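Residue-level structural notes
For reference, the chains in residue letters:
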Amino acid sequence: MAITVTNVNKRFGDFVALDDVSIEVPGGSLTALLGPSGSGKSTLLRVIAGLEFPDTGRVEISGEDATAFPPQKRGVGFVFQHYAAFKHLTVRDNVGFGLSIRKRPKAEIREKVDELIHLVQLDGMADRYPSQLSGGQRQRMALARALAVEPKVLLLDEPFGALDARVRKDLRSWLRRLHEEVHQTTVLVTHDQEEAMEVADTIAVMDQGRIQQVGSPRDLYEEPVNEFVMTFIGPIARLGDSYVRPHDIELAAEDSDGAAARAQVERVLHLGFEVRVELRTDDGAELSAQTTRDAADQMGLKPGDTVFLVPRKSRVFSE
Amino acid sequence: MSTDVVTPRPPRRSGRLIAPVGIGVAVMYMSIIVLIPMAALMGGAFDEGWAGFWDAITSDQAIAAVLLTVKLSLVVMLINAVMGTIIAWVLVRDRFVGRGFVNSLIDLPFALPTIVAGLTLLALYGPDGPVGINVAFTEAGIVLALLLVTMPFVVRSVQPVLLELDRDMEQAAASLGAGPLTIFRRIIFPNLMPAIIGGSGLAFSRALGEFGSLVLISGNIPFQDQMASFYIYSLIESGDRTAAAAVSVLLLTLSLAALLLLSALERWTSRHAR
Amino acid sequence: MPAEAPAAAPRGDVTTIAPYRPPANRGATAARWGLRLAALGYVAAILLGPLALVFYNTFQSGFGEAWAAVTSPAALHALYLTILIALIAVPLNAVFGVAAALVLVRRRVPGRSLISALIDLPLALSPVVVGLSIVLVWGQDGWFGPATEATGVQVLFALPAMVLATIFVSLPFVVREVVPVLREVGSDQEEAASTLGAGAVQTFWRITLPAIRWGIIYGVVLTTARALGEYGAVRVVSGGIAEKTETMTLHVEERFQAFDYVAAYGSSMVLAILALVVVLAMNLLNRKGGGDGDHGH
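Residues numbered from 1 in each chain as written. Chains lettered and ligands numbered in written order. Predicted model: local features only at pLDDT ≥ 70, side-chain atom pairs only at ≥ 80, totals over all residues.

**Notes on the overall build of chain A**
Within chain A, the regular secondary structure consists of 10 helices and 18 strands. Its C-alpha atoms give chain A principal-axis dimensions of about 80 × 45 × 30 Å. Looking at chain A as a whole, 45% of its 319 residues are labelled buried. For chain A, long-range pairs separated by at least 24 residues make up 63% of all intrachain contacts whose partners lie at least 6 apart in sequence. (Helix = DSSP H or I, 4+ residues; strand = E, 2+ residues; numbered from the N terminus. Buried ≥ 20, exposed ≤ 12 C-beta atoms within 10 Å, placed from the backbone. Contact = placed C-beta atoms within 7 Å.)

**With respect to the overall build of chain C**
Across its full length, chain C holds 13 helices and zero strands. Each helix (α) and strand (β) of chain C, taken in turn from the N terminus, gives the series α-α-α-α-α-α-α-α-α-α-α-α-α. Sorting the 297 residues of chain C into buried and exposed places 42% on the buried side. Intrachain contacts of chain C at a sequence separation of at least 6 include 77% that bridge at least 24 residues.

**A closer look at the pairing of strand β15 (residues 274–281) of chain A**
Residues and elements named next belong to chain A. Direction of pairing for strand β14 (residues 261–271) relative to β15: antiparallel, over a ladder of eight bridges. The residue bridging Gln264 from the neighbouring strand is Arg280, located in β15. What sits between β14 and β15 in their antiparallel hairpin is a turn of two residues, with Gly272 showing a positive phi close to 70°. The turn linking β15 back onto strand β16 (residues 286–292) is made up of four residues, and Gly284 within it adopts a positive phi angle of 95°. (Pairing = 2+ DSSP bridges.)

**A look at the domain arrangement of chain C**
All names here are of chain C. Looking at the assigned domains, one finds that chain C contains domain 1 (22–58) and domain 2 (63–287). Distance from the C-alpha centre of domain 1 to the C-alpha centre of domain 2: 34 Å. Contact with domain 1, which involves five residues of that partner, is made by six residues of domain 2. Considered class by class, the residues forming the side of domain 1 that touches domain 2 number three nonpolar, two polar and no charged. (Domains from an automatic or database assignment. Nonpolar A, V, L, I, M, F, W, Y, C, P; charged D, E, K, R; others polar.)

**Focus: helix α1 (residues 18–45) of chain B**
Helix length check: α1(B) (28 residues) gives 38 Å between terminal C-alpha atoms against 40 Å at 1.5 Å per residue, within 8%. Within α1(B), the full set of buried residues consists of Ile33(B), Val34(B), Pro37(B), Met38(B), Ala40(B), Leu41(B), Gly44(B) and Ala45(B). (Expected span 1.5 Å × (residues − 1).)

**Examining the sheet that holds strand β9 (residues 202–207) of chain A**
Residue and element names in this part refer to chain A. The strand order across the open sheet built from six strands is β6-β7-β8-β3-β9-β10, with neighbouring strands paired in mixed fashion. Among the strands making up the open sheet, the edge pair consists of β6 (76–79) and β10 (210–215). Here the strands of the sheet are splayed against their neighbours by 20° on average, with no regard to which way each runs. Taken together, the four bridges between strand β7 (residues 153–157) and strand β8 (residues 186–190) define a ladder with parallel strand orientation. Looking at β8, one finds that Leu156 is bridged to Leu188. (Axes fitted to C-alpha atoms, helices over the stretch in contact; angles between N-to-C directions.)

**Overview of the nonpolar core**
Counting 161 residues, the largest nonpolar core has Ile232(B), Val247(B), Leu132(C) and Ala165(C) as its most contacted members. The contact partners of Val247(B), leaving out residues within four places of it in the chain, are Ala56(B), Ile57(B), Ala62(B), Ala228(B), Tyr231(B), Ile232(B) and Leu235(B). (Core = buried A, V, L, I, M, F, W, Y, C linked by C-beta atoms within 7 Å.)

**Describing the pairing of β6(A)**
All names here are of chain A. Neither face of β6 is left uncovered, since the one carrying Val76 and Phe78 and the one carrying Gly77 and Val79 both have all their residues buried. Sheet topology note: the β6/β7 ladder contains four bridges and is parallel. Bridge pairing in β7 places Val79 opposite Leu156.

**Some thoughts on the interface of chain C and chain B**
Contacts between the two partners involve 68 residues from chain C and, on the opposite side, 73 residues from chain B. If you tally residues by element for the side of chain C that touches chain B, the top one is helix α1 (residues 26–58) of chain C, at 18 residues. Its residues assigned to classes, the side of chain C that touches chain B shows 50 nonpolar, 15 polar and three charged.

**Digging into the sheet that holds β14(A)**
Residues and elements named next belong to chain A. Strand order across the open sheet formed by five strands is β13-β17-β14-β15-β16, with antiparallel pairing between neighbours. The open sheet has two edge strands with one neighbour each: β13 (249–252) and β16. When the angles between neighbouring strand axes are averaged without regard to direction, this sheet yields 45°. As defined by bridge partners, β14 adjoins strand β17 (residues 306–311) across four bridges and the pair is classed as antiparallel. Residue Ala261 lies in a different strand from β17, and its bridge partner there is Leu309.

**Considering the environment of Glu190(C)**
Following the sequence through the fold, Glu190(C) ends up in helix α9 (residues 188–195). When sequence neighbours within four positions are dropped, the list of residues in contact with Glu190(C) reads Thr203(C), Ile207(C) and Thr208(C).

**A look at the environment of Phe53(B)**
Residue and element names in this part refer to chain B. Looking at the element boundaries, Phe53 is found in helix α2 (residues 49–58). The spacing of Phe53 and Leu192 is 139 residues in sequence and 41 Å in space, taken between C-alpha atoms. Aside from chain neighbours lying at most four places away, what touches Phe53 is Ala45, Phe46 and Ala246.

**Details of unusual backbone geometry**
In this model, Ala84(A) sits at a positive phi of 50°, which is unusual for a non-glycine residue. With respect to the helices and strands, the residue Ala84(A) is situated in the loop between β6 and α2 (91–95). For Phe259(C), which is not a glycine, the phi torsion comes out positive at approximately 65°. Examined against the element boundaries, Phe259(C) turns out to sit in the loop between α12 (248–257) and α13 (261–290).

**Structural notes on the environment of Gln137(A)**
Following the sequence through the fold, Gln137(A) ends up in helix α5 (residues 135–148). Excluding residues within four positions of it along the chain, Gln137(A) makes contact with Leu122(A) and Met125(A).

**Observations regarding the confidence of the model for chain C**
Close reading of the predicted structure is inappropriate where its pLDDT is low. All names here are of chain C. Averaged over all residues, the pLDDT of chain C equals 84, while 87% of them reach at least 70. Low pLDDT (under 50) marks residues 1–21, which in the prediction has 29 contacts with non-local residues, meaning those over four places away or in another chain. Across residues 290–297 the pLDDT falls below 50, and counting only partners more than four positions away or on other chains, this stretch makes 23 contacts in the model. Reported confidence for the predicted complex is 0.89 by ipTM and 0.83 by pTM. (pLDDT = per-residue confidence, 0-100.)

**Description of helix α5 (residues 127–138) of chain C**
Residue and element names in this part refer to chain C. Its 12 residues give α5 an end-to-end C-alpha distance of 17 Å, which sits within 8% of 16 Å, the value for a rise of 1.5 Å per residue. Within α5, 12 of the 12 residues are buried, leaving the element largely enclosed by the surrounding structure. All of the buried residues in α5 are Pro127, Val128, Val129, Val130, Gly131, Leu132, Ser133, Ile134, Val135, Leu136, Val137 and Trp138.

Structure representation (structure tokens):
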């Protein structure tokens, strides 16, 4: 295990940021800490980095108990949401900073820095200042800087949060490709469920200072353990006590044993290939079902129609 | 039918005359208060031509006074650069009882009359002072007075920069292995440099022309501890207004040159921000 | 069926681990105290200590003597003169300051940076030089001296010259405080007002002025402090004749040279209290958004 966190608690005054959190991060994996604001994901990351100290608990990195170590001694690479670029240094000096701290010979630093600048595709920018780079370029520089010291683990705190949507998507896939190439143990904090699903091998969903579930993107989507995880990871529709994915709701013209409810079609939205059908059940509940264009055409769905809802797969969570 | 092209005229507005009249009055004001006296200063300095000007500023007493003034002002500037930064640091990064009070106090030298400033120092560090130190009529006394009147410049220049400093940079440096001293030396200090330089320039410029706080403390002995402002004063009293004007022009030039130089240095050290 | 609780490390003896603190760092604590002592010691030695001593010295001979000294005819006249000069200089500079700020920010006047530099000039000038320049204009051999002598109006060694000197040295403050506020407020509101039919004066009075009022107030406070406390320039142009052309600052010096320390300290104390009030006002106004820390003129 590259990182082992055991029973970590952390409060800020009255606010409980981390509530008895434990997690294991396998070496070479890309794990996402996913959750809404205030869920504790950034705090957990910073505890692992040594930028926050836990009230109780233990942090092990590469098998070594790092809990008492300051960030300097943990061998972590940290990338901040707002880049934390050293404004007064060039890109080259930024990337080489960690190496010059370790008093490496100039030639070695130069070689390594050039290698990394090439890796993150910032060739030609080496002598520019961060203020002359775009947000995406700055973040790539920050990544190169963190990788330069060959950290045991790479920690990314909402690294794409400050970037435009387009740049965010590009960097997301770029990060994934980089990880496939370098296989650096990486932990990524994000509130963007799509990002986590796209980039990570393993996702830990957090809420209110607790880890709700850890699993692969597919596991979380198909087998969520509670309402929070199911709601956070993907769209849901509620039928009484059951939670169903909109695309798991079959629409039938006639009643049957499997039908869970009867509903009236309110709107039919054609979103390209998918069709979203907005429904109101007899009980007055409003929900959406998702079906294909062909299926919708076949049924001839239009507002005012009465349909029966057959959930193909649903989950019920006890309190 | 005429085919004249009629260019539209801007509509008449009720206040159209206000701006020109206002500007005219402001210009007259500036002239009476600043421009004409400064012109008279220039004229007076060259009343006896370049030769007269040159003689006045190269007289032995003039050189002694100016050199002393520049020397002590440089010393004061350097002390301010260090202490001002430390004070700014403590006011921004530290927390202690009375911090707000001390912070307000820093502005006091701006508001305190210079003669009173000198008097307070003389009370504590003069012949009747309770701590047994007597800096009256010494260079140390002059330095002390100059330090008092220039105290706020570097502090107020550095404080806002410290407040705005991206703390993430320090944490990033820590995660890359830098200890606290290294972080200060390589991350914080370079980013404070422009502000320190700017504040130091203002302090130097102020010290150069200081008068009131030195009146009671300085012995004003020619060639020994006479500052430039006092030399000018003595020239005025003795009626040699040409020489007084000449040395004044020299002092002003030095002050402006220092400000320009340090301003350029400030811009150079912050070139990364452009 | 809900899934199992998330994978956890073996519990082992974790529950017996005591609460953690960041590793005790004596170096950091020592550094913090060192800096604190250096900074506070410096301020105490140079500023606070001397001031406190003057306050103490004033009352050393008893409250009665101090009061008598501060209310002597000379002292009272000095106070009167100081306030009179300030009452003339400050409003004039305030009006000029606002006008100059408007010109500098709202109009494309050629030579804006030159004008701005000229307005800042008093900050770089020694007070003695200021006084000299006024002497050169209004003195016997000065530019306007003979003319004013002919009309019987005395400028030098009288109130007019003292007012001129005070205006000169306190010129920049309102301008410098109003300019950034004016810039930040922007002309949008003024343009909106004009589209709604407001004339130039109305726009200024009802839109611009209220928007910049804290900048003006802050600038006026600084101007007043400077005007009340000016020494060097007034010294040169006034001749320092007691009960005639002595401001409070000159009075302090005169009493000190006459070895009347009680009077010197007493008047100093009055001036110091005024300065403290000004500083308090500055800090209160700063919180009202009137300042941005840029007072290291």
